[in-house]
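# Examining the three-dimensional arrangement
Here is what each chain is made of, one letter per residue.
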Amino acid sequence: MLDGVLFFPVTPFTAAGEVDYDLLAAHVAKGVDAGPGGVFIACGTGEFHALGLEEFGKIVRTAVDVVAGRVPVYAGAGGSVVQAQAFARSAKENGADGILLLPPYLVTMPQAGLVGYTKAVADTTDLPLIVYNRSNARFTESSAVAVAQLPTVVGFKDGTGDLDQVGRIVRAVLDALEPSGKQFQFFNGLPTAEVSQQAYRAIGVTLYSSATFAFAPELALAFYRSLESGNEKLTATLLREFFHPLVRLRDQVPGYAVSLIKAGVTMEGIEAGPVRPPLVDISSAHLSELTEIVANGRAVLGHELAVH
């Protein structure tokens, strides 16, 4: 079972657009040393959508070797059912501990088809699998229960923000699984999940993905600890001074949920390189704004240390 702040590394690229595996290793090592509860490699923040299968395998193997069993390593899979199965097999072959199943490409599907897609990928390996409820892959209570009962499906990650629906899914899944005693986890997977995590906690969703951890782990961990300890003042201050400004910046350009994180990683000393099309790199003006936002967040932590 996963716990703590979940680390979603970026995928560093060279100026020519190739994966830089040495810098990836350095990035993962730095993040794991900071103390996450798990590593989710080659997922949304890692530009899964832009990776080839061979690259993906090498990326997963790099992360697994660096992590060396200290925390679980989950890898992305998605796209067409054939592609998703191929990525799932590669994740297994390269040592991953589990799979995050991203939505099928583009198509709108009936719920039976979404369950069938999940089962087809889950049947490919014996790795634990977390489904991702977002975009065109939106589960209902009944379909969520159906996939939760698949032997290797162990988690449900929400990226819709529909708390009414997710709250009902959480209750339905837990009730359905109670007789078997199967362990199952729910995750907040919205971009910059910290800004919505208080609401998710109210419906029983305590885990969340933190893109911030990739470039400012001390801020991500401080926020997590403030939530866990009930330090409402610090939680509110971090939201006001860091996370809310970050979201306002992120929302200015589509794809900045990835581009800002890569820029932050580079800003912190590991050259993450450009994003791959169709995403775009952040502007110099936005980089200056990001620098200021991070400085303001760290000033909050400095003040907190000084007071205590």
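Residues numbered from 1 in each chain as written. Predicted model: local features only at pLDDT ≥ 70, side-chain atom pairs only at ≥ 80, totals over all residues. Heavy atoms only, no water.

Before going further, it helps to examine empty space enclosed by the protein. Counting across every chain of the model gives three cavities of 30 Å³ or more. A volume near 70 Å³ is recorded for the largest cavity. If you trace the largest cavity, you find it lined by His27, Lys30, Gly31, Phe213, Ala214, Phe215, Pro217, Val265, Glu268 and Ile270. For the lining of the largest cavity, the residue count by class is six nonpolar, two polar and two charged. In this structure, the second largest cavity encloses a volume near 40 Å³. In terms of lining, the second largest cavity is formed by Leu101, Leu102, Pro103, Pro104, Leu114, Tyr117, Thr118, Tyr132, Ala137 and Phe139. Residue composition of the lining of the second largest cavity, grouped by class: nine nonpolar, one polar and no charged. (1 Å grid on protein atoms, 1.4 Å probe; cavity = no way out; pocket = protein on both sides within 12 Å on 5 of 7 lines; lining within 4 Å. Points joined across faces, edges and corners; volume = space filled by probe spheres on them. Nonpolar A, V, L, I, M, F, W, Y, C, P; charged D, E, K, R; others polar.)

On to the UniProt feature "active site" (unreviewed entry) in the protein, then. UniProt records the feature "active site" (unreviewed entry) for Tyr132 and Lys157 in the present numbering. Taking the farthest pair of C-alpha atoms as the criterion, the annotated set spanning 26 residues converges on one region, since that pair is 4.7 Å apart. Residues from the annotated list that form part of the lining of the second largest cavity: Tyr132. The topology assignment puts Tyr132 in strand β5 (residues 129-133). (UniProt positions renumbered as here; feature names shortened; annotations may be inferred. Helix = DSSP H or I, 4+ residues; strand = E, 2+ residues; numbered from the N terminus.)

Side-chain alternation along strand β4 (residues 98-101) places Gly98 and Leu100 on one buried face and Ile99 and Leu101 on a second face that is also buried. Where strand β3 (residues 73-77) lies against β4, four bridges are found, and the strand directions are parallel. Paired with Gly76 across the bridge in β4 is Leu100. Assessed by its sense of winding, the connection that carries the chain from β3 through helix α3 (residues 81-93) to β4 is right-handed. (Buried < 20%, exposed > 50% of the residue type's maximum accessible area, 1.4 Å probe, protein only. Pairing = 2+ DSSP bridges. Right-handed = clockwise from strand over helix to strand, strands pointing away.)

Below, the discussion takes up unusual backbone geometry. A negative phi angle is the norm for most residues apart from glycine, just as the trans form is the norm for most peptide bonds. Backbone torsion omega between Pro277 and Pro278 reads 15 degrees, so that peptide bond is classified as cis. Topologically, Pro278 is positioned in the loop between α10 (256-267) and α11 (284-307). If you check the backbone angles, Ala42 has positive phi at about 55 degrees while not being a glycine. Mapped onto the secondary structure, Ala42 falls in the loop between β2 (38-41) and α2 (53-67). Within the chain, Ser135 stands out as a residue other than glycine whose phi angle is a positive 50 degrees. Summarising the element assignment, Ser135 is placed in the loop between β5 and α5 (141-148). By relative accessible area, which is 45% here, Ser135 ends up partly exposed.

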